[in-house]
Amino acid sequence: MTLKVLSVASEAVPLVKTGGLADVAGALPTALAEHGVEMTTLVPGYPSVIARLGKAKAVHKWASLLGEPARLLSGRVGGQPLLVLDAPAYFDRPGGPYGDAKGQDWDDNWRRFGAFARAAADIAGGAVKGCSFDLVHAHDWQAAMTPAYLHFAPAKGGRRMPSVITIHNMAFQGFADAAIFPRLGLPQAAWSVDGVESYGGVGFLKAGMHLADAITTVSPTYAQEIRSPAFGMGLEGIVLARSDRVHGILNGIDPAEWSPMTDPHLAATYGPGQLARRKANKRALEKEFGLAKGEGPLFIVVSRLTWQKGMDVLLDVLPHLVGIGGRLALLGSGDAELERGFRAAAALYPGRVGVRIGYDEALSHRLQGGGDAILVPSRFEPCGLTQLYGLAYGCVPVVSRTGGLADTVIDANPAALAAGVATGIQMNAVDQPALAAAVSRAVDLYARPGEWRRLQKNGMKADFSWRASGAAYAALYRKLTGDVR
Ligand SMILES: Nc1ncnc2c1ncn2[C@@H]1O[C@H](COP(=O)(O)OP(=O)(O)O[C@H]2O[C@H](CO)[C@@H](O)[C@H](O)[C@H]2O)[C@@H](O)[C@H]1O
């Protein structure tokens, strides 16, 4: 029997993307189709989404969704069913999905995403004619109130809709002041540790984790790490208390978007047996970033510039990286101080360090297709996608041993090199000595072309498709709906 799942996400490729959540929410419907799951995605009606949808049918109207009118539009994206919450008071704004053009979060995000979750629960509960679902899958704090609304305002007919919450990043918990509670439209009973209350305020992610039938996160190692305070960030107690319901399911990558054999953004496409063709991409990158040619490897970064991603440590290591013959091409945006730091580094090391501050999807592909090694020195990383893209593109990942980075990269230690299975370089700590040592190891390995090519080929041949993870999500859905095949 086909299972009908409503996936609730605040961003999804190709409609709107600020980070990895969009890649995953965008890829899941296709990944799950072959496992007998029909997934409909619900996203907020940001201007870019409404524009992309074109003329769409309104299938439902709310006179008041937490105080504002809203409509539900129905369409398709990439052949998969799509629902868009058109609520101009909440989503028709300039800037990004969560804040203004300067990156300042909007004060009413609790209300915007409270309304989004309320709508999701209504849809799942059967409020929309012709729409019925077997399960709801909510992503991150922006959708995390959905299980709470389902729990405290159950569907008509008494059937309780099973729900799954996926944590893509525990650092973003959607915490709001207690004063907003009465405005969420939940019964008073929800104001409790067994409801939405969290450390004296309202915890969106906490509520979802407490009330969903299953909690998933995006790698097995991160699923273990969030049991400790350092990674659980205050919510480790719930992870421990509900540990029998916590699952680590690794993200895959979407081959339609990320394959070096077909990537339209690359000057030259290539497969594992055609690594020489990467040279044209590298030359194009050097030109684009104003880098001098060099013997050493061209390191790349595609990242949010934040503490999570260890970008402050990378800044400290740049003199060493340049000193031993490396070069860096960086694409990213984020913390103002880090943006300034990287701009200053580009000025200090002309021809050796090239920096592009901003968000540029096409350039992120060109970097993977032309760089020699991608640096991902994250302090924590639930899964990480850029190292997976690096592996697929023969851009060798240099990563910290945490979360999904630990689960996807095989360190080039002597045993792995001898066995011919290494795919990258891992470091145990995220500090200056550890990253400097990792960069040195990359430079040394790069100087041994046979070994380097082996790393590249191993990575390119590794399977990071959605096959296994799609099956794991489908099995979880079936277990929760009682439809065990
Ligand atoms: N300046 C820029 N220009 C263009 N593209 C850029 C860019 N900066 C980043 N990107 C792209 O955004 C995505 C980032 O995904 P990641 O998984 O690396 O991290 P993120 O922290 O956003 O995701 C969170 O959710 C994902 C999904 O579950 C987890 O893998 C991850 O660990 C978790 O922190 C990649 O597709 C990357 O190429």
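Just so you know, these numbers come straight off a predicted model, no measurement behind them.

Caption draft 1: The overall build of the protein chain, seen in detail. Secondary structure summary: the protein chain contains 20 helices and 18 strands in total. Relative to the globule expectation of 23 Å for 485 residues, the C-alpha radius of gyration of the protein chain, 23 Å, shows essentially globular dimensions. If one aligns the C-alpha atoms of the protein chain with their principal axes, the spans along those axes are about 70 × 45 × 45 Å. Within the protein chain, contacts between residues separated by at least 24 positions form 72% of all contacts whose residues are at least 6 apart in sequence. Per element, the accessible surface of the protein chain, about 19000 Å² overall, is 54% carbon and sulfur. If you average the places of the 49 positive and of the 43 negative side-chain charges in the protein chain, the two averages end up 6 Å apart.

Caption draft 2: Spotlight on the layout of surface pockets. Roughly 620 Å³ of internal volume is contained in the second largest pocket. Put simply, the parts of the chain that give the lining of the second largest pocket at least two residues each are helix 1 (20-33), strand 5 (80-86) and helix 14 (361-370). If you tally residues by element for the lining of the second largest pocket, the top one is helix 1, at 8 residues. For the lining of the second largest pocket, the class distribution of residues is 18 nonpolar, 9 polar and 7 charged.

Caption draft 3: Looking closely at the packing of helix 12 (residues 311-323) against helix 18 (residues 432-446). Where helix 12 meets helix 18, the axes come as close as 9 Å, and the angle between the chain directions of the two elements is 45°. On the basis of the axis angle, helix 12 is oblique to helix 18. Both helix 12 and helix 18 take part in a crossing whose hand is right-handed. Within the contact between the two elements, helix 12 uses Val313, Leu314, Asp316, Val317, His320 and Leu321 and helix 18 uses Gln432, Leu435, Ala436, Val439 and Ser440. When its residues are assigned to classes, the contact of helix 12 with helix 18 shows 7 nonpolar, 3 polar and 1 charged.

Caption draft 4: The site of the ligand, seen in detail. Every one of the 29 residues lining the ligand counts as a neighbour, but His168, Arg304, Gly358, Glu381 and Gly384 are closest to it. Asp360 is positioned such that a nitrogen or oxygen atom in its backbone is 3.0 Å from a nitrogen atom of the ligand. In the environment of the ligand, an oxygen atom lies 3.0 Å from a nitrogen or oxygen atom belonging to the backbone of Leu385. For the ligand, whose accessible area on its own is 710 Å², the fraction buried by protein is 96%. Counting only elements with at least two residues in the shell around the ligand, the list comes to helix 1, strand 13 (298-305), strand 14 (327-334), helix 14 and helix 15 (386-393). Ranked by residue count, the leading element in the shell around the ligand is helix 1, at 4 residues. Of the residues assigned to the shell around the ligand, the class counts are 10 nonpolar, 12 polar and 7 charged.

The rules we used
- Residues numbered from 1 in each chain as written.
- Predicted model: local features only at pLDDT ≥ 70, side-chain atom pairs only at ≥ 80, totals over all residues.
- Heavy atoms only, no water.
- Helix = DSSP H or I, 4+ residues; strand = E, 2+ residues; numbered from the N terminus.
- Rg over C-alpha atoms; globule rule 2.2 N^0.38 Å.
- Contact = heavy atoms within 4.5 Å.
- Areas by Shrake-Rupley, 256 points an atom, 1.4 Å probe, with all protein chains shown as cover.
- Lys, Arg positive; Asp, Glu negative; His and termini not counted.
- Charge placed at Lys NZ, Arg CZ, Asp CG, Glu CD.
- 1 Å grid on protein atoms, 1.4 Å probe; cavity = no way out; pocket = protein on both sides within 12 Å on 5 of 7 lines; lining within 4 Å.
- Points joined across faces, edges and corners; volume = space filled by probe spheres on them.
- Nonpolar A, V, L, I, M, F, W, Y, C, P; charged D, E, K, R; others polar.
- Axes fitted to C-alpha atoms, helices over the stretch in contact; angles between N-to-C directions.
- Parallel < 35°, antiparallel > 145°, perpendicular 65-115°, else oblique.
- Left-handed = near helix turned anticlockwise from the far one by under 90°.
- Near = heavy atom within 4 Å.
- Polar contact = N/O pair within 3.5 Å; in protein donor to acceptor, adjacent residues only side chain to side chain.

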